[in-house]
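# Tertiary structure, described
Residues per chain, in single letters:
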Amino acid sequence: NAGVTQTPKFRVLKTGQSMTLLCAQDMNHEYMYWYRQDPGMGLRLIHYSVGEGTTAKGEVPDGYNVSRLKKQNFLLGLESAAPSQTSVYFCASSRGVTNTGELFFGEGSRLTVL
Amino acid sequence: GEDVEQSLFLSVREGDSSVINCTYTDSSSTYLYWYKQEPGAGLQLLTYIFSNMDMKQDQRLTVLLNKKDKHLSLRIADTQTGDSAIYFCAENGRGSGGYQKVTFGTGTKLQVIP
């Protein structure tokens, strides 16, 4: 099983450019999440989705948008990239609140904004 | 709000025991987790403990939970070089919309010296 797959794995952007990170899961999970990981700050939740067609804001949503048109896909968009968005982005999925709550993570997407 | 704290770095000699500590604030957490992140990879669930348990043992891993002090620890016996990684403590609660909210600590980087 592929689990959670993120594309691209690396990207360099110039300030003001836009891009989309794609997350795909093949486990039929209801919940999907986007986190960013920065040194000394752990993982911070950007946006999440509790099902197809639904999205909601996490801790640090500003500058990002998301969409979940299909259950298996969760897209993270940066409309106008800023250097502060240089980070490693992780997508995760889970079955939801009815079990142990284990999150399954992708391998990460390293984004650099110049 | 929820907050999970852990020290940033731990260095041990191969064969010794490692103890990674964590404090959390959400007393309503149903599960507490330890995730492991190896270099260049996403997080993977290492072990978890249900909030009504005090201890859980799984081979070389021992998790201790002190609910009164909101303290969680992970002990790795006979630490090996392959245990070198970042270890994240996390708690599982409910977000304001009732969704499964997992809050991560900053991560403890474990360095195992041969």
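What comes next is a walk through the structure. (Residues numbered from 1 in each chain as written. Chains lettered and ligands numbered in written order. Predicted model: local features only at pLDDT ≥ 70, side-chain atom pairs only at ≥ 80, totals over all residues. Heavy atoms only, no water.)

## As for the overall build of chain B
Defined as follows: Secondary structure elements follow DSSP: runs of H or I of four or more residues count as helices, runs of E of two or more count as strands, with numbering from the N terminus. C-alpha atoms define the radius of gyration, and 2.2 Å times the number of residues to the power 0.38 defines the globule rule. We call two residues in contact when some of their heavy atoms are within 4.5 Å. Accessible surface area values rest on a Shrake-Rupley calculation with a 1.4 Å probe, where residue burial reflects the displayed protein chains alone. Positive charge is attributed to Lys and Arg, negative charge to Asp and Glu, and no charge count is given to His or to the chain ends. One atom stands in for each charge, and that atom is NZ of Lys, CZ of Arg, CG of Asp or CD of Glu.
Summing up its helical and strand segments, chain B has zero helices and 11 strands in all. Counting helices and strands in the order they occur from the N terminus, chain B gives β-β-β-β-β-β-β-β-β-β-β. Its C-alpha atoms give chain B a radius of gyration of 14 Å, within 12% of the compact-globule value 13 Å for 114 residues. Considered along the principal axes of its C-alpha atoms, chain B spans approximately 45 × 30 × 20 Å. Of all intrachain contacts in chain B linking residues separated by at least 6 positions in sequence, the fraction that spans at least 24 positions is 55%. On chain B, roughly 5600 Å² of surface is accessible, and the fraction owed to carbon and sulfur atoms is 47%. A gap of 2 Å separates the mean positions of the 11 positive and 13 negative side-chain charges of chain B.

## Quick look at the interface of chain B and chain A
Quick note on the threshold: Accessible area that two parts lose when put together, evaluated with a 1.4 Å probe and summed over both, is termed the buried area. A side-chain nitrogen of Lys or Arg and a carboxyl oxygen of Asp or Glu constitute a salt bridge if their distance falls within 4 Å. Here a polar contact is taken to be a pair of N or O atoms separated by no more than 3.5 Å, where protein atoms must pair a possible hydrogen donor with a possible acceptor and residues adjacent in sequence count only if both atoms sit in side chains. For this scheme, ten residues count as nonpolar: Ala, Val, Leu, Ile, Met, Phe, Trp, Tyr, Cys and Pro. Four count as charged, namely Asp, Glu, Lys and Arg, and the remainder, Gly too, count as polar.
With 21 residues of chain B in contact, the opposing surface of chain A contributes 23 residues. Taken together, both faces of the contact between chain B and chain A bury some 1700 Å²; the carbon and sulfur share is 59%. Of all residues in chain B, the largest losses of buried area upon contact with chain A belong to Tyr99, Gln100 and Phe104 of chain B, amounting jointly to 34% of the total for that side. Taken together, the connections running from chain B to chain A amount to zero salt bridges. Applying the counting criterion to the chain B and chain A interface returns two residue pairs in polar contact (both at pLDDT 80 or more). Looking at the side of chain B that touches chain A, the elements with two or more residues in it are β4 (31-37), β5 (43-50), β9 (85-94) and β10 (100-104) of chain B. Counting residues per element, the side of chain B that touches chain A draws most heavily on β4 of chain B, at four residues. Partitioned by chemical class, the residues of the side of chain B that touches chain A number 12 nonpolar, eight polar and one charged.

## Some words on the pattern of salt bridges
What counts is decided by this rule: Relative accessibility thresholds used throughout: buried, under 20% of the residue-type maximum; exposed, over 50%; partly exposed, between the two (1.4 Å probe, protein chains only).
For the structure on display, the rule yields six salt bridges over all chains. A salt bridge links arginine 36 of chain A to aspartate 38 of chain A; the nearest nitrogen and oxygen atoms lie 2.8 Å apart. Put simply, aspartate 69 of chain B and lysine 68 of chain B hold a salt bridge, and the shortest N to O gap is 3.7 Å. Judged by its relative accessible area of 48%, aspartate 69 of chain B is partly exposed. In this structure lysine 68 of chain B comes out as exposed when scored by relative accessible area, which is 74%. Bridged by salt links that share partners, the residues Arg36, Asp38 and Arg44 of chain A form one connected network.

## Some remarks on the environment of valine 88 of chain A
Residue and element names in this part refer to chain A. Considering the arrangement of structural elements, one finds valine 88 in strand β9 (residues 87-94). According to the relative accessible area criterion, valine 88 is buried, its value standing at 15%. Taking the C-alpha atoms as reference, valine 88 lies 9.3 Å from lysine 9; in sequence the two are 79 residues apart. Sequence-distant contacts of valine 88, defined by excluding residues within four places in its chain, comprise Tyr35, Arg36, Gln37, Gly108, Ser109 and Arg110.

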